Amino acid sequence: MRRLPLLLAVLAGPLAAQAPAAPAPPQPVLIKAGRLIDGRSAQAQTNVGILIEGERIRAVGPLAQVQAQAPNARVIDLSQMTVLPGLIDTHTHLLLQGDITSQEYEDQLLKQSIPYRAILAARNARLALEHGFTTLRDVETEGAMYADVDVKLAVNRGEVPGARIFASTRAMAPTGMYPIGGPNWEIELPHGVQTVDGVENARLAVREQVQHGADWIKYYSDRRYYFTPDSTLRSWVNFTDDEARAIVDETHRLGRKVAAHAIGSDGIAAALRAGVNSIEHGDGLTDSLMDVMVRNNVYWVPTVTVGVHVVPRGGVWPALVALERRAFARAVRKGVKIALGTDVGGFPWTEINQAKEFEYYVQYGMTPMQAIQSGTSVAAALLGQEQNLGAVAPGLYADLVAVAGDPLRDITELQRVKFVMKGGTVYLSQ
Ligand SMILES: [Zn+2]
């Protein structure tokens, strides 16, 4: 691979001699933003110019000043709108179409081929983009192997329109701890994860998933959630501490990060002991667990939207909504880093706009600005992409959305995105 640039240079030599002058650089684009929420600043700014060259932002500042830098730029007039960074959802399942019941889940794994599911996933990546989500961290394919990496490749190559994808491939759980279970021992049914038992297998699984394109590693820390009389949410922990540490250590050794599904306090504590980078769902977070997260710079991805959606499951699920709401308010006060994530796919992509999650965060105790940053700059920091994503700033990708009103007054404006640009290309303009 290291030889490639040299090879290209050799090939380009004779061709370059015959070719006309190099093509002109793309015409710069000037966006006139009536109001800008840049994803990082505490305040919105008015009458801002955003200069874009190719895929990236070159300048941001007072309109007249930026306009003077590029008098020949093509103008996109959003002077009647509020412009924000492209939104980021850090917990999605492109390969899933809602699984409020185990029947819905099993139907997808048993009756749909992976190619069919991948077609729906491509559709979902486009839906996300049209809703203003220019980046997704997709946290496992639920039995569809590495198809998330294929969707990511097709998007990156411009074959299909879609959000940027950080893929986790298959996720992990030990034998017998993730559906589909085995009602008939004569038949081996597909599982929603890669089955992993033992320390050496944990390291092997991480290596395999990274080999096949995983940007992140996801594992299931717990299951079987129950309340104790003092209203603590407990759970059964899936992996031994040694196994979980092996997953995390090998992932970090290979330059990736780990997301752990952890709902009960036991599962959250186990994941934190193992050293994960994000806690997914986290309904049972206690004050002391939050303190550990703050101390160790572990992010929380609450996925409130799916929690509300699965209330009809009954059992312990309805109580989790109120429990998480209380935890959320405490976490905001304690300064836990909360990255927006919805678990879309756990609810149908076609029925609920992911941006509903922002509305819950404001209801639960964030200011609108905090909620917006949770789904932009904080999410980008979780992804380790502060230099590329999550803000409107020079040098970053030109991933932008615009809404008609002021989301600082009405956060539901984010559910009515009118303009979407990803990497300097406009995908929606109403
Ligand atoms: Zn999920």
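Structural data are supplied above this passage.
Here is what the cut-offs are and how they apply
- Residues numbered from 1 in each chain as written.
- Predicted model: local features only at pLDDT ≥ 70, side-chain atom pairs only at ≥ 80, totals over all residues.
- Heavy atoms only, no water.
- Donors = N, O, S within 2.8 Å, 3.2 Å for Na, K, Ca; no water.
- Helix = DSSP H or I, 4+ residues; strand = E, 2+ residues; numbered from the N terminus.
- Buried < 20%, exposed > 50% of the residue type's maximum accessible area, 1.4 Å probe, protein only.
- Pairing = 2+ DSSP bridges.
- Axes fitted to C-alpha atoms, helices over the stretch in contact; angles between N-to-C directions.
- Phe/Tyr/Trp six-rings, centres within 6.5 Å; stacked < 30°, edge-to-face > 60°.
- Contact = heavy atoms within 4.5 Å.

*Asks:* Just give me the short version of the coordination of the zinc ion, but keep the residues and values in it.
*Replies:* Six octahedral donors around a metal ideally make angles of 90 or 180 degrees; four tetrahedral donors ideally make 109.5 degrees. All of the protein donors around the zinc ion are His91 (NE2), His93 (NE2) and Asp343 (OD); their distances to the metal are 2.1 to 2.3 Å. Considered as a linear motif, the donors of the zinc ion on their single chain read H-x1-H-x249-D. Here histidine 91, found in strand S5 (residues 87–92), pairs with aspartate 343, found in the loop between helix H11 (317–334) and helix H12 (356–363); they are 252 residues apart in sequence, far enough to count as distant. With a relative accessible area of 0%, histidine 91 lands in the buried category. Residue classification places aspartate 343 among the buried positions, given a relative accessible area of 9%.

*Asks:* Give a detailed account of the pairing of strand S11 (residues 222–227), specifying residues and quantitative values.
*Replies:* Both S11 and strand S12 (residues 233–237) contribute to a ladder of four bridges, which runs antiparallel. Counterpart to phenylalanine 227 in the pairing with S12 is leucine 233. Connecting S11 to the next strand, S12, in antiparallel fashion are five residues, including serine 231 with a positive phi near 70 degrees.

*Asks:* Run through the sheet that holds strand S6 (residues 133–138), naming residues and quoting values.
*Replies:* With parallel pairing, the three strands of this open sheet are ordered in space as S5-S6-S7. In the strand order of this sheet, the two ends are held by S5 and strand S7 (164–167), each with one partner. Looking at each pair of strands side by side, their axes are set apart by 15 degrees on average, direction ignored. The sheet contact formed by S5 and S6 spans four bridges and is parallel.

*Asks:* Before we move on, could you go through the sheet that holds strand S3 (residues 56–62) and cite the residues and values that matter?
*Replies:* Pairing within the open sheet is mixed, and its seven strands lie in the order S3-S2-S1-S4-S16-S17-S18. The open sheet terminates on both sides in strands that have one partner only, identified here as S3 and strand S18 (425–429). Between one strand axis and the next, the sheet turns through 30 degrees on average, direction left out of account. When strand S2 (residues 45–53) meets S3, the two strands line up antiparallel, connected through six bridges. Pairing of glutamate 53 across the sheet is with arginine 56, part of S3.

*Asks:* Residue-level account of the packing of aromatic side chains, with values.
*Replies:* In this structure the tally under the stated criterion is eight aromatic pairs. When the centroid spacing of 4.3 Å and the interplanar angle of 45 degrees are considered together, the rings of tyrosine 178 and tyrosine 220 count as tilted. On the criterion of sequence distance, the pair formed by tyrosine 178 in the loop between strand S8 (172–173) and strand S9 (194–195) and tyrosine 220 in strand S10 (residues 216–220) is long-range, its members being 42 residues apart. Comparing tyrosine 178 with tyrosine 220, the two get one shared label, buried. Centre to centre, the rings of phenylalanine 328 and tyrosine 361 are 4.9 Å apart; their planes meet at 35 degrees, and the pair counts as tilted. Taken as a pair, phenylalanine 328 in helix H11 and tyrosine 361 in helix H12 lie far apart in primary sequence, 33 residues in all.

*Asks:* Residue-level account of helix H5 (residues 147–156), with values.
*Replies:* Of the residues making up H5, those classed as buried are Ala147, Asp148, Val149, Val151, Lys152 and Val155. Packing partners of the buried residues in H5 comprise helix H4 (114–130), S6, S7 and strand S17 (417–422). Two residues or fewer after H5 comes glycine 158, characterised by a positive phi angle close to 75 degrees.

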